[in-house]
Amino acid sequence: MKKKFAESTRLAEFPLWDRLEGKRIPFSFDLELTARCNLDCRHCYINLPADDKAARKRELTIAQISQIADQAVELGVLWCLLTGGEPFLREDFFDIYLMLKKKGLLVSLFTNACLLTQKHVELFKKYPPRDIEVTVYGVTRETYEKITRRSGSFAVFRHGLDLLLKNNFRVRLKAMALKSNVDELPAIAAYCRRFTTDFFRFDPLLHLRFDGNMERNEDIRRERLSPGEIVALEQGDAERAGSLQKHRDHFIFAAGEHQECRHLFYCGAGNSGFTVGPEGHFRLCSSLWHPDCTCDLKKCALAEAWNSLVPRVRNLTSSDPDFLEKCCSCPIVNLCLWCPAHAYLEHGRLDAWSEYFCQVAHARARALGQFIPR
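Procedures and definitions
- Residues numbered from 1 in each chain as written.
- Predicted model: local features only at pLDDT ≥ 70, side-chain atom pairs only at ≥ 80, totals over all residues.
- Heavy atoms only, no water.
- Axes fitted to C-alpha atoms, helices over the stretch in contact; angles between N-to-C directions.
- Helix = DSSP H or I, 4+ residues; strand = E, 2+ residues; numbered from the N terminus.
- Parallel < 35°, antiparallel > 145°, perpendicular 65-115°, else oblique.
- Contact = heavy atoms within 4.5 Å.
- Nonpolar A, V, L, I, M, F, W, Y, C, P; charged D, E, K, R; others polar.
- Salt bridge = Lys/Arg side-chain N within 4 Å of Asp/Glu carboxyl O.
- 1 Å grid on protein atoms, 1.4 Å probe; cavity = no way out; pocket = protein on both sides within 12 Å on 5 of 7 lines; lining within 4 Å.
- Points joined across faces, edges and corners; volume = space filled by probe spheres on them.
- Core = buried A, V, L, I, M, F, W, Y, C linked by side-chain atoms within 4.5 Å.
- Buried < 20%, exposed > 50% of the residue type's maximum accessible area, 1.4 Å probe, protein only.

## Remarks on the packing of helix α3 (residues 93-102) against helix α4 (residues 118-126)
At a minimum axis distance of 12 Å, the contact between α3 and α4 shows a crossing angle of 10°. When the interaxial angle is binned, α3 and α4 end up roughly parallel. Touching Phe93, Phe94, Tyr97 and Leu98 of α3 are Lys119, His120, Leu123 and Phe124, all from α4. A per-class count over the contact of α3 with α4 returns six nonpolar, one polar and one charged.

## Here we look at the packing of helix α2 (residues 62-75) against helix α12 (residues 302-314)
Direction vectors running N to C along α2 and α12 enclose 50°, while the axes themselves pass 9 Å from each other. Taken together, the axis directions place α2 and α12 in an arrangement best described as oblique. Every residue of α12 that contacts α2 at Ile68, Gln71, Ala72 and Leu75 is listed here: Leu302, Ala303 and Trp306. When grouped by side-chain class, the residues that make up the contact of α2 with α12 number six nonpolar, one polar and no charged.

## Focus: unusual backbone geometry
A cis amide bond, omega 15°, links Gly84 with the succeeding residue Gly85. Of note, Gly85 is situated in the loop between β5 (79-83) and α3. One non-glycine residue with positive phi stands out, namely Arg149, at about 55°. Considering the arrangement of structural elements, one finds Arg149 in the loop between α5 (141-148) and α6 (153-166).

## Remarks on the pattern of salt bridges
For the structure on display, the rule yields 29 salt bridges. Arg283 is the partner of Glu32 in a salt bridge, and the nearest nitrogen-oxygen pair spans 2.8 Å. Note that Glu32 is positioned in strand β2 (residues 28-32) and Arg283 in strand β11 (residues 281-283), a separation of 251 residues in sequence. Between Arg349 and Asp320 there is a salt bridge; the shortest N-O distance is 3.6 Å. In this pair, Arg349 sits in the loop between α14 (340-347) and α15 (355-367) while Asp320 sits in the loop between β13 (316-317) and α13 (321-328), placing the two residues 29 residues apart along the sequence. One network of salt bridges, with partners in common, ties together Asp40, Arg149, Arg216, Asp219 and Arg222.

## Focus on empty space enclosed by the protein
Evaluated as defined, the whole model comprises one cavity of 30 Å³ or more. Lys326, Cys327, Cys330, Cys336 and Cys358 are the residues nearest the centre of the largest cavity, which is lined by 13 residues in total. Every element with two or more residues in the lining of the largest cavity is listed here: α13 and α15. In terms of residues, the lining of the largest cavity owes the most to one element, α15, which gives four residues.

## Digging into the nonpolar core
Grouped together as the largest cluster of nonpolar side chains are 113 residues, with contacts concentrated most on Leu82, Leu100, Phe124 and Phe282. Apart from the residues within four sequence positions on either side, Leu82 is in contact with Leu31, Leu33, Pro87, Phe93, Tyr97, Leu100, Val107, Ser108, Leu109 and Phe110.

By themselves these figures say nothing about function.
Set out below in structure tokens:
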């Protein structure tokens, strides 16, 4: 039976409620230009084939994007992240990019760099992006193409990344930690730290598909590292281990601290930004796809979504005993991948407990010298 969620009207508890101005102001938004991608990565939670005509037809037009961007600027947004799928698959990418820049927005970009050309370089030289993030799946052709499942992708990735680096753009490199590249991760980290302009990050926690594709979800599960592998990886990276230890008190709070609270959301979803999907769906964060937590910006004004939907979702509560006992008052929930969005993708409920997420959290806690009874 589907769980019922209650709502609280205590807006004073909402993190960005401005008591002086009486309004909340978003700082940024992520714009997923397309769900299509030129790669077919094993772990990807969104990608559709590059030549998916139906997906292309459903994508927002540049006129619709411009209207949403105007509304965002009116709300106070300063920064826009262009992501996907692969943004460069949009034939009108150059027009979209320039349109957003001309509205005064700081524009960042997530790309796999495989489709980047000299034409992009010239555009970015004239109208610089805030920064560009590129994911490094491997530093050898075998590993990279095992993950992307595209022959020849490693060569074009290196070509695109080299274009960015030699032209001195602000590039950030990142990696996903997967079964398919775990043995190569030390080399990936060394490579990224050699070239990235400020920091390198890697993510060992995978969530499931936005579209619920069962076959692709099995691919993702097969790529997940075990809790022990995640801890070994993090403890073997001096920078990551040091950061976890330094900020341990932020990850672990006193038992029972939230015991009287039944709210679902303690994360930053909807606090200072939002996501707009390829078809125009407003979401509090990129992962939150529960139908009660989204709205279609082709039918709903952005201000209505931000000022009405966000507080309503942020104040959802649960009465599920399993959630209240295992997650709501858990002192190590910040060491976990659990959040309402990931719980919904995993089990179809915003307040569902996940054994895998819980195992990861406890393994991390033990590595930090904390034993938390389960």
